[in-house]
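Descriptive structure summary
Each chain, written out:
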Amino acid sequence: MFKYLLTAASAIAFSFVGAMGLPAQAQPPTLMAQAGISNAASISSQELEQFATAIEQLLVLEQTAQQRIASAIENQGFSRERFGQIYKAQTDSTVTPDPAISADEQQRFERVVETAIEIQEEVQQQKQQAVQNQGLDLDRFNEILTAVQEDEALQQQVEQMLQQ
């Protein structure tokens with residue numbers, strides 16, 4: 001469960017990086033990470049609590065977004081399986097869906113994609129606000145996330161906070 005939370009938090013953090021206009025790969029590692037020094041000691045208990053609370057809120061926002069996108073898929077008359085087939089065909093030229101994509105399906109698929117993009121943009125803003133509402137800026141959130149991922153003791157502390 002906790003590994004799922006960290007994976008989800010990583011995805012959220014990388015989406016923050018993308019939202020700030022820089023691809024995740026272009027982000028330089030922190031000086032502490034370059035030196036191989038853990039910054040766990042520089043994280044206060046309060047910041048760790050703020051981080052844990054933000055993680056909980058981010059996961060709720062992400063789940064809500066996924067549910068809204070699933071509803072958009074269903075509202076356009078797709079099964080999840082068929083939508084997945086069409087998506088794979090759209091993103092991988094070597095995949096041919098069976099049956100072939102009709103013009104109507106293509107139009108409905110495009111409407112779902114537009115809706116999904118709108119939902120993700122809206123949720124991205126909500127995620128940023130949720131982190132900031134906890135008293136953390138996005139850079140500090142990402143620094144704490146990195147430290148938690150690298151330090152088992154911090155992972156355990158956050159896990160305990162999430163279970164309370």
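Predicted model, so just to flag it, every value in this text is computed and none were measured.

Comments concerning the pattern of salt bridges
Taken as a whole and assessed by the stated rule, the structure comprises six salt bridges. When the shortest N-O distance is used, the salt bridge between D104 and R108 registers 2.9 Å. Residue D104 and its partner R108 are located together in helix α5 (residues 103-133), separated by four residues, close to a single helical turn. On the basis of relative accessible area, D104 is assigned to the partly exposed category, the value being 43%.

What to know about the packing of helix α3 (residues 45-75) against helix α6 (residues 138-150)
Contact pair α3 / α6: the axes reach a minimum separation of 11 Å and the direction vectors enclose 95 degrees. Classified by the angle their axes make, α3 and α6 are roughly perpendicular. Along the contact surface, α3 presents E47, L48, F51, A54, I55 and L58, while α6 presents R140, F141, I144, L145 and V148. Taken together, the residues of the contact of α3 with α6 sort by class into nine nonpolar, no polar and two charged.

Here's the deal with unusual backbone geometry
Residues apart from glycine generally show negative phi values, whereas peptide bonds are mostly found in trans. Cis peptide bonds are those with omega within 30 degrees of zero, and the linkage from D98 to P99 qualifies with 5 degrees. Take P99: it is sitting in the loop between α4 (80-91) and α5.

Concerning the side chain of E62
Counting through the fold element by element, E62 comes out in helix α3. The class of E62 is buried, set by a relative accessible area of 18%. Residues within four places of E62 in sequence aside, it is in contact with Q120 and K127.

Points about helix α7 (residues 152-163)
Taking 1.5 Å per residue as the helical rise, α7 with its twelve residues ought to reach 16 Å, and the 16 Å between its terminal C-alpha atoms agrees with that figure. For α7, the complete set of buried residues consists of L154, Q155, V158 and L162. Across the axial projection of α7, the buried residues extend over an arc of 105 degrees, all falling on one side. Of the exposed residues in α7, those oriented more than 90 degrees away from the buried face are E152, Q160 and Q163. A distance of 2.8 Å separates the backbone nitrogen of A153 from a side-chain oxygen at the start of α7, and that oxygen is part of D151.

Procedures and definitions
- Residues numbered from 1 in each chain as written.
- Predicted model: local features only at pLDDT ≥ 70, side-chain atom pairs only at ≥ 80, totals over all residues.
- Heavy atoms only, no water.
- Salt bridge = Lys/Arg side-chain N within 4 Å of Asp/Glu carboxyl O.
- Helix = DSSP H or I, 4+ residues; strand = E, 2+ residues; numbered from the N terminus.
- Buried < 20%, exposed > 50% of the residue type's maximum accessible area, 1.4 Å probe, protein only.
- Axes fitted to C-alpha atoms, helices over the stretch in contact; angles between N-to-C directions.
- Parallel < 35°, antiparallel > 145°, perpendicular 65-115°, else oblique.
- Contact = heavy atoms within 4.5 Å.
- Nonpolar A, V, L, I, M, F, W, Y, C, P; charged D, E, K, R; others polar.
- Expected span 1.5 Å × (residues − 1).
- Arc of directions from axis to C-beta.
- Polar contact = N/O pair within 3.5 Å; in protein donor to acceptor, adjacent residues only side chain to side chain.

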